[in-house]
Amino acid sequence: MTDVTEPAYALDALATPYRTDTCGGLRGSDAGRDARLAGWVHRRRDHGHLIFLDLRDRHGITQVVVDAQESPDAHAAAARVRAEFVVSVAGTVAHRLAGTENARLATGEVELRARDLEVLSEAKTPPFYINEPDAPVEESVRLRYRYLDIRREPMRDRLLLRSSLVRAIRDAHHRAGFVEVETPILIKSTPEGARDFIVPSRLQPGTVYALPQSPQQLKQLLMVAGMDRYFQIARCFRDEDLRGDRQPEFTQLDLEMSFVREQTVMDFVEAMAIEVSRAVAPGRPLQDVPFPRFTYEEALERFGSDKPDLRFGMELVDLAPALRADAEGTGFRVFDEAIAGGGRVKGIVAPGMAAASRRDVDELTAFARRYGAHGLVHVSVDGDGAVHSPVGKYLGEDRLRAMVEAAAAAPGDLLLVVADQPAVTADVLGRLRRELGERLGLADPNVLAYCWVYRFPMYQWDADNGRWDATHNPFSGVVPEDEPLLVTATGDPYRPSPQDPAGRARAMQYDIALNGWELGGGSVRIHRRELLERSFALQGYSQERMHGLFGGILEAFEYGAPPHGGIALGIDRWAALLADQTNIREVMAFPKTSSGTDLMLEAPSAPDPAQYAELGLRYVGTPSAGDPAGRPPGA
């Protein structure tokens, strides 16, 4: 490198010995001054005595012109560079010739007239075009060469958005008096709803650590410690089957507050979410401010989901009153049996689908059956208002028309009806609602529709294990007026049954949803030892087991625990939604495949036998491993 004065450094400066400016920083006002740029060759165009290089870094692209007459040495160096070579170029900033400006680039008014060009690193031909961001690339190839994928504009921009999201979250919490505290990664295994990843201890052979599924107990202990308001951008780990919104390792915003009620936590989180959304995605409008709030029962009744997408209507409608069943019933056995058995007859209106083909209806029926429905009834409303249905011969036109009117179906619409037990009816129609919302393009992809769902059931009965399971986590508090319900029918808390009053208790739990995804969930916690032990007993924990798993927090509650509550929001999900992605892998730098594999680093891999020996372990295999010798895979 030659003849460019090395810049003085400042904490906020991006200048280095290899560059005075970034490839996205030069403007027309810089014309006439010297500059040095460093980056990757995005494109190269050779016109003989003139070579044009588009030089790229994460900040942008600047055109570099290398003239053989002005700088023969630089031209000779530029003649051998290819795409993705790393170079440093010094020269003079100049206005582009009139008519050659590039309005698509922030630097499009100017170019760098090269005086000196140094090749810092050569590059092989990449396995895909980095300078064509819209070119389709097989995902396995993108993951195998993730460091190249991140150079591409779409992936780069999503990671920058994620960085802005985390920064905005931190800023909002610091302004609100929160303290950022890092909690341990090696902890004790406790039940959190999924399998733990475990880490053997070399110093204490025969024992293991667990990687945290969440910092749940630790953040509550920080409240006992008097930290008052805690938050953390926490790394968490769950050994579970993967899908679009799930990875084995993920990041969450974890926060806890002392001396709060549900409203306190929800109000803060809502204000923070509004602030963060407007800062990170200013071009995406918020559908409703303040956020709509639904009880759990109301959400299921209206949307069939506890994470409803509010960007479109298509609410569930109770059709039983419109059927006006007499002593002999409606005439349609499926409806009559559902109503007689305590079930529901509900429907949704698919706008403009009255002309759906038989194949389309069969697909929707198969979809409904896949999720537990016995079938799917449809009623079409013609353009002239006439109603038609395969079950019309049983119900008669009057009842069909009454159902259509109750559902407010308009000419051209299709009414879809499920009759089953309440949980099945809600779940199937909720899934159908979301499926049709996507198929019909009813949801504005630019809108951010947040909402709250709260007052979940405290427990759900686990028939296989004969116990009550917490619907969220085992520390959730009970609605104060429902505390007397946390008892068993027998009076013995260690003998729960489906008839227990506890099954009617509501929890001080709340979820925040965004565009049909659960963004986060939390609760006001139980902060009294006696009540927490009673809740653990209902969940099937013996005294010995609860003290083995939760002894630390139970003991801490004897030293003065304040009322406290908090929430955890998925950073990966939030970033994906703000970036308009349907898979969180698209906002993670180095994610795993759906089978939990890192294609780039080839992990997981077989441990070295010496690692087993040092830890006092021996691999005995699994039923699928098929290795009776007990050798590690690949050994």
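As the structure is a prediction and not an experimental result, all values here were calculated from the model.

Reading the values: rules and limits
Residues numbered from 1 in each chain as written. Predicted model: local features only at pLDDT ≥ 70, side-chain atom pairs only at ≥ 80, totals over all residues. Heavy atoms only, no water. Helix = DSSP H or I, 4+ residues; strand = E, 2+ residues; numbered from the N terminus. Buried < 20%, exposed > 50% of the residue type's maximum accessible area, 1.4 Å probe, protein only. Contact = heavy atoms within 4.5 Å. Areas by Shrake-Rupley, 256 points an atom, 1.4 Å probe, with all protein chains shown as cover. Lys, Arg positive; Asp, Glu negative; His and termini not counted. Charge placed at Lys NZ, Arg CZ, Asp CG, Glu CD. Patch = residues over 30% accessible without salt bridge, like charges linked within 9 Å, V, L, I, M, F, W, Y side chains within 5 Å. Salt bridge = Lys/Arg side-chain N within 4 Å of Asp/Glu carboxyl O. Pairing = 2+ DSSP bridges. Axes fitted to C-alpha atoms, helices over the stretch in contact; angles between N-to-C directions.

A. Looking closely at the overall build of the protein. Along its length, the protein carries 16 helices and 22 strands. C-alpha atoms of the protein, sized along the principal axes, occupy 100 × 75 × 55 Å. Looking at the 635 residues of the protein, the share that counts as buried comes to 49%. Once local pairs closer than 6 in sequence are excluded, the contacts in the protein between residues at least 24 apart make up 68%. Looking at the protein as shown, the accessible area adds up to about 30500 Å², and 50% of this sits on carbon and sulfur atoms. The averaged location of the 92 negative side-chain charges in the protein is 2 Å from the averaged location of its 73 positive side-chain charges.

B. Focus on a nonpolar patch on the surface. Nonpolar side chains collect at one region of the surface, where Ile185, Leu186 and Tyr209 lie side by side and expose about 250 Å² of accessible area between them. Along the polypeptide, Leu186 turns up in the loop between β6 (179-180) and β7 (198-200). Taking the relative accessible area as the measure of exposure, Leu186 reaches 43% and is therefore partly exposed.

C. Structural detail: the sheet that holds strand β9 (residues 229-237). Read across the open sheet, the 8 strands follow the order β6-β9-β10-β22-β21-β20-β17-β11; overall the sheet is mixed. Sheet topology places β6 and β11 (293-295) at the edges, where each strand pairs with a single neighbour. Two elements, strand β10 (residues 249-258) and strand β22 (residues 564-570), share 7 bridges in a ladder whose sense is antiparallel. Bridge pairing in β22 links Leu253 to Leu569. Sheet contacts for helix α5 (residues 216-224): β9, β10 and β22; angle to β10, the most-contacted strand, approximately 25°.

D. Geometry of the pairing of strand β3 (residues 60-67). With 8 of 8 residues buried, β3 lies mostly within the body of the structure. Burial along β3 is two-sided: the face carrying Gly60, Thr62, Val64 and Val66 and the face carrying Ile61, Gln63, Val65 and Asp67 are both buried. One ladder, built from 8 bridges, connects strand β2 (residues 50-57) with β3; its direction is antiparallel. Bridging from a neighbouring strand, Leu50 pairs with Asp67 of β3. The hairpin formed by β2 and β3 contains 2 residues between the paired strands. Alignment of β3 against strand β5 (residues 110-121), held across 2 bridges, turns out to be parallel.

E. Structural detail: the pattern of salt bridges. Counted under the stated rule, the structure contains 55 salt bridges. Ionic pairing is found between Glu84 and Arg151, a salt bridge with its closest N-O pair at 2.8 Å. On the criterion of sequence distance, the pair formed by Glu84 in the loop between α1 (72-78) and β4 (86-95) and Arg151 in the loop between α3 (146-149) and α4 (153-175) is long-range, its members being 67 residues apart. Between Glu533 and Arg529 there is a salt bridge, and its shortest N-O distance comes to 3.2 Å. Of the two residues, Glu533 and Arg529 both sit in helix α13 (residues 529-538), 4 residues apart, roughly one turn of that helix. Ionic contacts of the salt-bridge type, sharing partners, join the residues Arg142, Arg146, Asp149, Arg152, Arg158 and Glu586 into one network.

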